[in-house]
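Per-entry structural report
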Amino acid sequence: VPTSNIRNFCIIAHIDHGKSTLADKLLQMTGTVQRREMKEQFLDNMDLERERGITIKLQAARMRFIYENKPYCLNLIDTPGHVDFSYEVSRSLAACEGALLVVDASQGVEAQTLANVYLALENNLEIIPVLNKIDLPGAEPSRVSQEIEEVVGLDCSNAIHCSAKEGIGISEILSAIVQRIPPPLDTAERPLRALIFDSYYDAYRGVIVYFRVIDGTIKKGDRIVFMASDKDYFADEIGVLSPSQLQADELYAGEVGYLSASIRSVADARVGDTITHYSRRAEQSLPGYKQATPMVFCGLFPVDADQFPELRDALEKLQLNDAALEFEAESSSAMGFGFRCGFLGLLHMEIVQERLEREYNLTLITTAPSVVYRVNCINGDTVECSNPSVLPEAGKRRSIEEPFVKIEMLTPKDYIGPLMELAQSRRGEFKEMKFITENRASITYILPLAEMVGDFFDQLKSRSKGYASMDYSFVGYNESDLIKLDILINGDIVDPLATIVHKEKAYTVGRALTQKLKELIPRQLFKVPIQASIGAKVIASEALSAMRKDVLAKCYGGDITRKKKLLKKQAEGKKRMKAIGKVDVPQEAFMAVLKLE
Ligand code: GTP
């Protein structure tokens, strides 16, 4: 089809508002995938994604659509739905001319949606509002339309009412895509510039790169250069996504496709990088490329020390497919050998952990996540520290800086109070509150990232009965009055339990943490003191009393199944224990600091 008959679009939606269901319906309706070959939700094809019902990796699909007797080619580029991946979202938006803004008509606009709409507006995308789930009895499309108009300033007079589930409004959406979203510019004559919006590692073919041709054309066999990594390759295979890969000989400005070129790691073909020709190089790369910077770090230690080499292998393999994952070997007197790993955020961290355990069969102990501190030393050096246990000692440091984020919470007005209390209890500095509609407010705070890592999101959800949503972005580093809190078990410092806390919170945290550890660590055959200290000064102390462990004593009579059950339960409990000195410490203890309230 000619460039004027191409439309590139993405779907912006809050989790659960129906993006995948709608995408599937669009694919079905255009005959892109037959009903029988549809797996539930075609676009999210990682198992983990499907299980968690969230979109992690981007995918794309080309659809054929006949409108007023003319053939059109519609490229849907999927976007991940979580704030950890907002950079990926911004790159996939940059590959499109338009976006469907899908809002659940029984709910309303959420914080993350808003953030993505602003990103889309910055990228000059044409936005088509779609009110989904109108089949629900609680749907209020006119209220939600008004909300979108007020909050986003987007004209909703021609918003499409749809039920992705029931298949209502789907053909209106397809027509609107053709009518309202502008075609790509026809710049096929210019030197090649293609934007990478996703890449993944395939064990047989190496890295598969998903891209949008912005300028020029790319042919099979072309010698290409990735401008940010400055590496060059031959494009062995190129093609389109329909949504399965279909080989093609040439792709023109405006088109979306994939290529493989024996690239060995996704780090060499990063999202946001520009592909150009080796012999006819574009003068400037496309704007917006950013290096991924991990914001959250934690230690990963195999429960069984023999699994250390396997853990290294697994991390190396995952890294081939995940340019944002960082790791380096770490050894701890308490934990033995493991890795210090860096992640974009907490969700990213959980995904990696889960994959390591599930796909690589490892049993791991994860230590509490930490942010990256900047320590200004007395000798003038500034060191970055993402591991509390190796924080330069008090006598050597002049000050500590920590990362701050701006968070925006959207909430029904009933929960404003509880959410403000939450933010304030996390050292939040109030910035502003706006009523976006009569019943919903937007509250903005600046707070330390360290206070958000952990249960902030869970707290937000539970204090608002699930109705509030949030978005955050990094604003910069600032000095805080921070100190290191050590934990001693049985008289020994347990370095993975060390945390960095604000001075004013040290005593409360110390007390709460020792109490929590007392609950979590199973009683041993001897008395175990649990202490919190700042330097040499013990500020809180608890003791785990000795116990003779005889679980079977609880069993009455000869009920063998019950006995077996108990033994099995105990064995499972054992699995995730790390012997520290003579004391077995369970996984939960390492995360205790995150759950002190
Ligand atoms: P993420 O992948 O997490 O971003 O979620 P999503 O936005 O893709 O939502 P998904 O399509 O998975 O839909 C979420 C839930 O809403 C599912 O249980 C769907 O069956 C349901 N759903 C989607 N569209 C409709 C609709 O039009 N009507 C009703 N009643 N339910 C819908």
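Computed from a predicted model, the values in this text were never measured in an experiment.

Parameters at a glance
- Residues numbered from 1 in each chain as written.
- Predicted model: local features only at pLDDT ≥ 70, side-chain atom pairs only at ≥ 80, totals over all residues.
- Heavy atoms only, no water.
- Helix = DSSP H or I, 4+ residues; strand = E, 2+ residues; numbered from the N terminus.
- Rg over C-alpha atoms; globule rule 2.2 N^0.38 Å.
- Contact = heavy atoms within 4.5 Å.
- Areas by Shrake-Rupley, 256 points an atom, 1.4 Å probe, with all protein chains shown as cover.
- Lys, Arg positive; Asp, Glu negative; His and termini not counted.
- Charge placed at Lys NZ, Arg CZ, Asp CG, Glu CD.
- Core = buried A, V, L, I, M, F, W, Y, C linked by side-chain atoms within 4.5 Å.
- Buried < 20%, exposed > 50% of the residue type's maximum accessible area, 1.4 Å probe, protein only.
- Polar contact = N/O pair within 3.5 Å; in protein donor to acceptor, adjacent residues only side chain to side chain.
- Pairing = 2+ DSSP bridges.
- Axes fitted to C-alpha atoms, helices over the stretch in contact; angles between N-to-C directions.
- pLDDT = per-residue confidence, 0-100.
- Phe/Tyr/Trp six-rings, centres within 6.5 Å; stacked < 30°, edge-to-face > 60°.
- Lys NZ or Arg CZ within 6 Å of the ring centre and 35° of its normal.
- Parallel < 35°, antiparallel > 145°, perpendicular 65-115°, else oblique.
- Nonpolar A, V, L, I, M, F, W, Y, C, P; charged D, E, K, R; others polar.
- Salt bridge = Lys/Arg side-chain N within 4 Å of Asp/Glu carboxyl O.
- Patch = residues over 30% accessible without salt bridge, like charges linked within 9 Å, V, L, I, M, F, W, Y side chains within 5 Å.

1. Quick word on the overall build of the protein
Within the protein, the regular secondary structure consists of 14 helices and 33 strands. Rg of the C-alpha trace for the protein: 27 Å, near the compact-globule value of 25 Å for 597 residues, within the 12% margin. With respect to the three principal axes, the spread of C-alpha positions in the protein is 80 × 65 × 55 Å. Within the protein, residue pairs in contact and separated by at least 24 positions form 69% of the contacts whose partners lie at least 6 positions apart. With the model as given, the accessible surface of the protein reaches about 26800 Å², and the carbon-plus-sulfur share is 48%. Treating the 73 positive side-chain charges of the protein as one cloud and the 83 negative ones as another, the clouds have centres 6 Å apart.

2. Structural notes on the nonpolar core
Counting 48 residues, the largest nonpolar core has Leu 356, Ile 407 and Met 409 as the members making the most contacts within it. Of all the elements, helix 7 (residues 308-320) adds the most residues to this core, at five residues. In this view, Leu 356 contacts Leu 300, Leu 311, Ala 314, Leu 315, Leu 318, Asn 361, Leu 362 and Leu 364; residues no more than four positions away in its chain are not counted. Formed by 40 residues, the second largest nonpolar core is a distinct cluster that contains Ile 12, Leu 119, Ala 159 and Leu 241.

3. Describing the side chain of Gln 524
Tracing the backbone shows Gln 524 in the loop between helix 12 (506-520) and strand 30 (528-534). There is a polar contact of 2.8 Å between the side chain of Gln 524 and the backbone oxygen of Pro 522.

4. A look at the sheet that holds strand 20 (residues 364-366)
In a beta sheet, neighbouring strands pair by backbone hydrogen bonds and run either parallel or antiparallel. Ordered in space as 18-19-17-20, the four strands form an open sheet in which the pairing is antiparallel. Where the open sheet ends on each side, the last strands, each with one partner, are strand 18 (326-332) and strand 20. Geometrically, the sheet is characterised by an average inter-axis angle of 30° between neighbouring strands, direction not taken into account. Strands strand 17 (296-302), strand 18, strand 19 (336-343) and strand 20 of the sheet are contacted by helix 7, whose axis makes an angle of about 15° with strand 19.

5. Quick notes on the sheet that holds strand 5 (residues 126-132)
Overall, mixed pairing links the six strands, which are arranged 2-3-1-4-5-6 in an open sheet. Both edges of this open sheet fall to strand 2 (60-67) and strand 6 (160-161), since each of them pairs with a single strand only. In this structure, strand 5 lies alongside strand 6, joined through two bridges in parallel fashion. The residue bridging Leu 131 from the neighbouring strand is His 161, located in strand 6. Where helix 1 (residues 19-29) meets the sheet, it contacts strand 1 (6-13), strand 2, strand 3 (70-77) and strand 4 (98-104), and its direction lies at approximately 155° from that of strand 1. Packed on one face of the sheet, helix 4 (residues 111-122) meets strand 1, strand 4 and strand 5 and runs near 155° to strand 1.

6. Brief notes about the environment of Met 335
Looking at where Met 335 falls in the secondary structure, it is placed in the loop between strand 18 and strand 19. As a C-alpha pair, Met 335 and Asp 230 span 105 residues in sequence and 40 Å in three-dimensional space. Ignoring sequence-local partners within four residues, the contact set of Met 335 consists of Phe 301, Ile 365, Thr 367, Pro 496, Lys 578, Ile 580 and Phe 590.

7. Focus on the pairing of strand 23 (residues 397-412)
Within strand 23, 13 of the 16 residues are buried, which leaves the element mostly enclosed by the surrounding structure. Sheet analysis places strand 23 next to strand 26 (residues 469-480), joined by 11 bridges and oriented antiparallel. Paired with Lys 406 across the bridge in strand 26 is Ser 473. Bridging between strand 23 and strand 25 (residues 440-448) involves nine bridges; their strand directions are antiparallel. Directly across from Ile 407, in strand 25, lies its bridge partner Tyr 445.

8. Looking at the environment of Gly 380
Along the polypeptide, Gly 380 turns up in the loop between strand 21 (373-377) and strand 22 (382-385). Given a relative accessible area of 51%, Gly 380 falls into the exposed group. With 17 residues separating them along the chain, Gly 380 and Arg 397 place their C-alpha atoms 9.2 Å apart.

9. A word on the confidence of the model for the protein
Across the protein, pLDDT averages 87, with 90% of residues at or above 70. Below a pLDDT of 50 lies the segment residues 49-58, which in the model reaches 40 contacts outside its immediate sequence neighbourhood of four places, other chains included. Both scores are given for the predicted complex: the pTM is 0.79, the ipTM 0.96.

10. Looking at the packing of aromatic side chains
Summed over all chains, the structure comprises 10 aromatic pairs. Pairing Tyr 67 with Tyr 72 gives two aromatic rings, centres 6.2 Å apart and planes at 70°, and the pair type is edge-to-face. By relative accessible area, Tyr 67 is classed as buried at 14%. Among the residues examined, Tyr 72 registers a relative accessible area of 8% and is labelled buried. Taken together, a centroid distance of 5.9 Å and an interplanar angle of 55° make the contact between Phe 308 and Phe 337 tilted. Within this pair, whereas Phe 308 is found in helix 7, its partner Phe 337 is found in strand 19, the two being separated by 29 residues in sequence. Overall, the relative accessible area of 16% leaves Phe 308 in the buried class. The rings of Phe 308, Phe 327, Phe 337 and Phe 339 are connected pair by pair, giving a single aromatic cluster. Here Arg 374 stacks its cationic end above the ring of Tyr 477, 3.9 Å away from the centre of that ring. Across from the ring centre of Phe 526, 5.0 Å away, lies the NZ or CZ of Lys 582, which sits over that ring.

11. Some details on the packing of helix 1 against helix 6 (residues 170-180)
Packing of helix 1 against helix 6 brings their axes to within 10 Å, and their N-to-C directions diverge by 80°. Relative to helix 6, the element helix 1 lies roughly perpendicular. Residues Leu 22, Lys 25, Leu 26 and Met 29 of helix 1 form the contact with helix 6, whose own contacting residues are Ile 170, Ser 171, Ile 173 and Leu 174. Taken together, the residues of the contact of helix 1 with helix 6 break down into six nonpolar, one polar and one charged.

12. A closer look at the pattern of salt bridges
In the structure shown here, the tally under the stated rule is 26 salt bridges. One network of salt bridges, with partners in common, ties together Glu 110, Glu 140, Arg 143, Glu 147 and Arg 440.

13. Some thoughts on a negative patch on the surface
Residues Asp 304, Asp 306, Glu 310, Asp 313 and Glu 316 make up a contiguous surface patch of negative charge. By relative accessible area, which is 61% here, Asp 306 ends up exposed.

14. What to know about the side chain of Thr 276
Among the structural elements, Thr 276 can be located in strand 16 (residues 274-277). Polar side-chain contacts of Thr 276 include one of 2.7 Å to the backbone oxygen of Leu 192. Within polar-contact distance, the side chain of Thr 276 engages the backbone nitrogen of Ala 282 at 2.9 Å. Residues in contact with Thr 276, not counting those within four places in the same chain, are Leu 192, Arg 223, Ile 224, Val 225, Met 227, Arg 281 and Ala 282.

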